[in-house]
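# Breakdown of the fold
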Amino acid sequence: MKKCNEVMTKNPVCCLPGDMVEKVAKSMKRKNIGSIPVIKDKKSQKLVGIVTDRDLAMKIVAAGRDAKSAKVEVVMTRKVVTCLVEDDLQKALDAMSKHQLRRIPIGDKEKKILGIIAQADVATRVNQPEKTAAVVKGISRSK
């Protein structure tokens, strides 16, 4: 079984809690990504949350808020499900299915963000179509 660090996208784009939502949304569009880990500061790279395209749609657009004046800390998810770089990939896949996550941040024991595993990473880096199908099915099921 592969380890998380063999499948993850390394050095993911990150943002700070004080960043404006508009800046983060533009980064998502430019990089063609659906989530951005939120770090305490650039030096420690300690994960404190995650902001997703769904957070932006539901907490900014649908709520009629201004993306230019709203800070990431207002919309980010603070209780982030994560895995460690040395964890077996299966642990990440199980967590993604259980919590219906399309992406899972990967870090070290000090919560420093080192990578992220997205559905696309599983599909393109794990040569096991049945595993990919199981993850997509688990993530997509009705609650």
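Residues numbered from 1 in each chain as written. Predicted model: local features only at pLDDT ≥ 70, side-chain atom pairs only at ≥ 80, totals over all residues. Heavy atoms only, no water.

### Concerning the sheet that holds strand 6 (residues 113–118)
Worth spelling out the cut-off: Strand pairing is assigned whenever DSSP identifies at least 2 bridges connecting the two strands. Comment: elements are numbered from the N terminus, with helices defined as DSSP H or I runs of at least four residues and strands as E runs of at least two.
Strand order in the open sheet made by the 4 strands is 1-6-5-4, with mixed pairing throughout. Taken across any chain shown, the strands that pair with only one partner, and hence form the sheet edges, are strand 1 (9–10) and strand 4 (83–84). Sheet analysis places strand 5 (residues 103–107) next to strand 6, joined by 5 bridges and oriented antiparallel. Residue pairing in the sheet places Pro105 in a bridge with Ile116 of strand 6.

### Quick word on the pattern of salt bridges
Threshold: Each salt bridge in this description consists of a side-chain nitrogen of Lys or Arg and a carboxyl oxygen of Asp or Glu lying within 4 Å of one another. For every residue, the accessible area obtained with a 1.4 Å probe (protein chains only) is divided by the maximum for its type, and the residue is called buried under 20%, exposed over 50%, and partly exposed between those limits.
If you walk through the whole model with that rule in mind, you get 7 salt bridges. Between Glu86 and Lys109 there is a salt bridge, with its nearest N and O atoms 3.3 Å apart. Of the two residues, Glu86 is situated in the loop between strand 4 and helix 5 (89–99) and Lys109 in the loop between strand 5 and strand 6; the sequence distance between them amounts to 23 residues. Residue Lys109 is classed as exposed on the basis of its relative accessible area of 65%. The shortest N-O distance in the salt bridge between Asp87 and Lys91 comes to 3.7 Å. Looking at Lys91, the relative accessible area reads 48%, which means it is partly exposed.

### Re helix 5
Those residues of helix 5 that fall on the buried side of the exposure criterion are Leu89, Ala92, Leu93, Ala95, Met96 and Ser97. Positive phi appears at Gln100, one or two residues downstream of helix 5, with a value of about 55°.

### Quick look at unusual backbone geometry
With phi around 50°, Asn11 is a residue other than glycine that occupies positive phi space. Its relative accessible area of 70% is what places Asn11 among the exposed residues. Positive phi values are uncommon outside glycine, yet Asn32 reaches one of about 55°. Residue position: Asn32 is located in the loop between helix 2 (21–31) and strand 2 (35–39).

### Notes on the pairing of strand 5
The buried count for strand 5 comes to 4 of 5 residues, which makes it a mostly enclosed element. Note that strand 4 and strand 5 share 2 bridges and pair parallel. Paired with Leu84 across the bridge in strand 5 is Gly107. In textbook terms, the turn of a hairpin is the stretch between consecutive antiparallel strands, and for strand 5 and strand 6 this stretch comprises 5 residues, one of which, Lys111, has a positive phi near 70°.

### A look at the side chain of Asp55
Operational definition: The criterion used for residue contact is that any of the two residues' heavy atoms lie within 4.5 Å.
Mapping Asp55 onto the fold places it in helix 3 (residues 53–61). If sequence neighbours within four positions are ignored, Asp55 has contacts with Ile50, Ile60, Val75 and Thr77.

### A closer look at the pairing of strand 6
Here strand 1 runs beside strand 6; their pairing, made up of 2 bridges, is antiparallel. Considered in strand 6, the bridge of Lys10 is made with Gly115.

### A few points about the nonpolar core
Note the following rule: To define a nonpolar core, start from buried Ala, Val, Leu, Ile, Met, Phe, Trp, Tyr and Cys residues and group those joined through side-chain atoms within 4.5 Å.
One finds Cys4, Cys83, Leu89, Ala92, Ile104, Ile106 and Ile117 to be the most contacted residues of the largest nonpolar core, which totals 14 residues. Contributions of two or more residues to this core are made by helix 1 (4–7), helix 5 and strand 5. Broken down by element, this core gets its largest block of residues, 5 residues, from helix 5. In this structure Ala92 touches Cys4, Cys83, Ile104 and Ile117, once residues within four positions along its chain are discounted. Ranked by size, the runner-up nonpolar core spans 13 residues in total, among them Met28, Val38, Leu56 and Ile60.

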